[in-house]
Amino acid sequence: MARQTLPVRRTSAQHHAVTGEQAELLRVGTDTLQRADPELAALLDAEVSQQNSTLAMIASASVADPSVLAVGGAALSNVTAEGYPGARYHPGAQQFDAVENLAVERAKSLFGARYANVQPHSCSSANLAVLSALMRPGDTLLGLDLDAGGHLTHGSRASVSGRHYNAVAYGLDEHGYIDFAQVEALAEEHRPQVIIAGASAYPRTVDFARFRAIADGVGAYLLADISHIAGLVAAGLHPSPVDVAHLTTTSTYKQLGGPRGGLILSGRDFEAPGPNGRTPLHKLMQRAVFPQSQGTPSPASIAAKARAFAVAARPAFRETAELIVRDAQALAHELSSLGYRILTGGTDNHMVLIDVSDVGLTGVTAERALERCGILANRNRIPGDTKPPLVTSGLRLGTNILAQRGMRPEQMRECAQLMHTVLAGTRLDSDTEYLIDPALVATVREEVRWLCSRHPLPIDTTASVPVSLIGVGS
Ligand code: DSN
């Protein structure tokens, strides 16, 4: 019988010899898709064309670098491994362990955090994990009212956050800013276990330090949800809550250019005790995500997060983030000059909220008329809104993708003018139906295509890991 030899351990140079296998897999996969499933392939191609030729002003969206998209489709997706690096419940997770450690270290480095959990499938999952770790059913939660720009998971009755907990909501003052006097009064009256600072539709800087002072005054934990502004926080263009709040959550796709997913961070307070007075927050969070609220993590998404965090650490990301804010301010200014009422009178971040009831429209009709012309912006309830959530009186605009395309404040005049042409040419037939001249639609659609063709979506094939992150987590 031939003598069996043990496989020789590869040197690192030999390891390099096998790089390219993942790329080959993706190439074969793409070729097979085209050949074997042309119907699905055509839909995906149409999506790329649509993204290339529309002005996407969805405030909760950004464009992922193609390398992030490629990583999201990696063979790592075939790995099933519950648990955390070094403590999995399945074998075969060597690469996944290294990838998850890399993602964690890059997240900590990018946000200056002491603790990161990269497993949440979304920020909603992250928020619910945090709340379930810090509160018992029936405990009190204080968050921004959904109608004032809050998020479903901040205590809305439509979500378990408003059903399992005694959710109390704060709102905005008469200028549209967070009403801190009300936050403080409600905190003192209801003594919440958790206060949430963060929003889905709020165009101004969030004063996390003020929230923390209120939380400390009543013995509450402060959770900062930075989903919408995570890119600005990472770039240092919005005050970071990481060392201010007890815990910070974010989605990874809204402004970070990452995959669909969520992230939990903690800074200075990562070792602060949880509600039992003993277990530190970072340990509570590990358990809160797995096994308490999620099973198997999504390995390829975690790898794509690692890639996105590296892209977000590059100087080019900060430059884009600066442009995002300048574009939003220019867009607000142009729309205001055209007669639109801008909520709070302007913006500090990427978001512009306008009241379309003043021009005789509802949010949904404005959204649909704009979409027909190749401009994407979504309906949004505004303070004091008399229209239901599927109708609304407001429109929420965001400049993340416009800036990623390299559009500058000069182009915001064009964008505002195109929007105005559509909105001024739209007449309300009912709350949800509208009339618009098809010739106007065709003209604006063509101008939108032309503007987009001059500012193609970025395909950055030269992006590399910045020196500051090489070796981090390895
Ligand atoms: N939270 C939703 C939004 O702000 O549009 C989507 O993630």
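Residues numbered from 1 in each chain as written. Predicted model: local features only at pLDDT ≥ 70, side-chain atom pairs only at ≥ 80, totals over all residues. Heavy atoms only, no water.

1. Describing the sheet that holds strand E14 (residues 378–380)
Then, number 1: Taken together, four strands build an open sheet; the order of strands is E11-E12-E15-E14 and the sheet is antiparallel. Each edge of the open sheet is held by one strand with a lone partner, namely strand E11 (341–342) and E14.
Then, number 2: Pairing geometry for strand E12 (residues 351–355) and strand E15 (residues 394–398), over five bridges, is antiparallel. Across the sheet, Leu353 pairs through a bridge with Arg396, a residue of E15.
Then, number 3: Packing of helix H13 (residues 315–337) onto the sheet brings it into contact with E11, E12 and E15, and relative to E12 it is tilted by some 20°. (Pairing = 2+ DSSP bridges. Helix = DSSP H or I, 4+ residues; strand = E, 2+ residues; numbered from the N terminus. Contact = heavy atoms within 4.5 Å. Axes fitted to C-alpha atoms, helices over the stretch in contact; angles between N-to-C directions.)

2. Notes on the pattern of salt bridges
Then, number 1: Enumeration over the complete set of coordinates arrives at 19 salt bridges.
Then, number 2: One salt bridge in this structure joins Asp31 and Arg27, with 2.8 Å as the shortest N-O distance. With Asp31 and Arg27 both in helix H2 (residues 21–36) and four residues apart, the pair spans about one turn of that helix.
Then, number 3: The partly exposed category is assigned to Asp31, whose relative accessible area is 33%.
Then, number 4: For Arg27, a relative accessible area of 44% translates into the label partly exposed.
Then, number 5: Between Asp358 and Arg341 there is a salt bridge, and its shortest N-O distance comes to 3.8 Å. One end of the pair, Asp358, is in the loop between E12 and helix H14 (363–372); the other, Arg341, is in strand E11, and 17 residues separate them in sequence.
Then, number 6: For Arg341, a relative accessible area of 40% corresponds to the partly exposed category.
Then, number 7: Each member of the salt-bridge network shares a partner with another, and the members are Arg212, Asp216, Arg268 and Asp269. (Salt bridge = Lys/Arg side-chain N within 4 Å of Asp/Glu carboxyl O. Buried < 20%, exposed > 50% of the residue type's maximum accessible area, 1.4 Å probe, protein only.)

3. Section: the site of the ligand
Then, number 1: Residues in close proximity to the ligand include Ser60, His151, Ser200, His228, Tyr253, Lys254 and Arg396, which together make up its full environment.
Then, number 2: The contact in question runs from an oxygen atom of the ligand to an N or O atom on the side chain of His228, over 2.9 Å.
Then, number 3: In the environment of the ligand, an oxygen atom lies 3.0 Å from a nitrogen or oxygen atom belonging to the side chain of Tyr253.
Then, number 4: Look at the ligand: alone it shows 230 Å² of surface, and the protein chains cover 69% of it.
Then, number 5: Here the shell around the ligand is built from residues that sort into one nonpolar, four polar and two charged. (Near = heavy atom within 4 Å. Polar contact = N/O pair within 3.5 Å; in protein donor to acceptor, adjacent residues only side chain to side chain. Areas by Shrake-Rupley, 256 points an atom, 1.4 Å probe, with all protein chains shown as cover. Nonpolar A, V, L, I, M, F, W, Y, C, P; charged D, E, K, R; others polar.)

4. Considerations on the packing of helix H5 (residues 94–111) against helix H12 (residues 299–312)
Then, number 1: Orientation of H5 relative to H12, taken along the N-to-C sense of each, is 35°, at an axis distance of 8 Å. Every pair of crossing elements has a handedness; the one defined by H5 and H12 is left-handed. Of the residues in H12, those touching H5 at Phe96, Val99, Glu100, Ala103, Arg106, Ala107 and Leu110 are Pro299, Ile302, Ala303, Ala306, Arg307, Phe309, Ala310 and Ala312.
Then, number 2: Class assignment of the residues belonging to the contact of H5 with H12 gives a composition of 12 nonpolar, no polar and three charged. (Left-handed = near helix turned anticlockwise from the far one by under 90°.)

5. A short note on the confidence of the model for the protein chain
Then, number 1: Looking at the protein chain, pLDDT values average 94 and 93% of them are 70 or higher.
Then, number 2: Predicted confidence is poor over residues 7–17, with pLDDT under 50, and the contacts of this stretch with residues over four places away or in other chains come to three contacts. (pLDDT = per-residue confidence, 0-100.)

6. Digging into the pairing of E15
Then, number 1: Of all the five residues making up E15, five are buried; the element is thus mostly covered by neighbouring parts of the structure.
Then, number 2: Covered by surrounding structure in E15 are Gly394, Arg396 and Gly398 together with Leu395 and Leu397, the residues of both alternating faces.
Then, number 3: Of the strand pairs in this sheet, E14 and E15 are connected by three bridges, and their pairing is antiparallel. Across the sheet, Asn380 pairs through a bridge with Gly394, a residue of E15.

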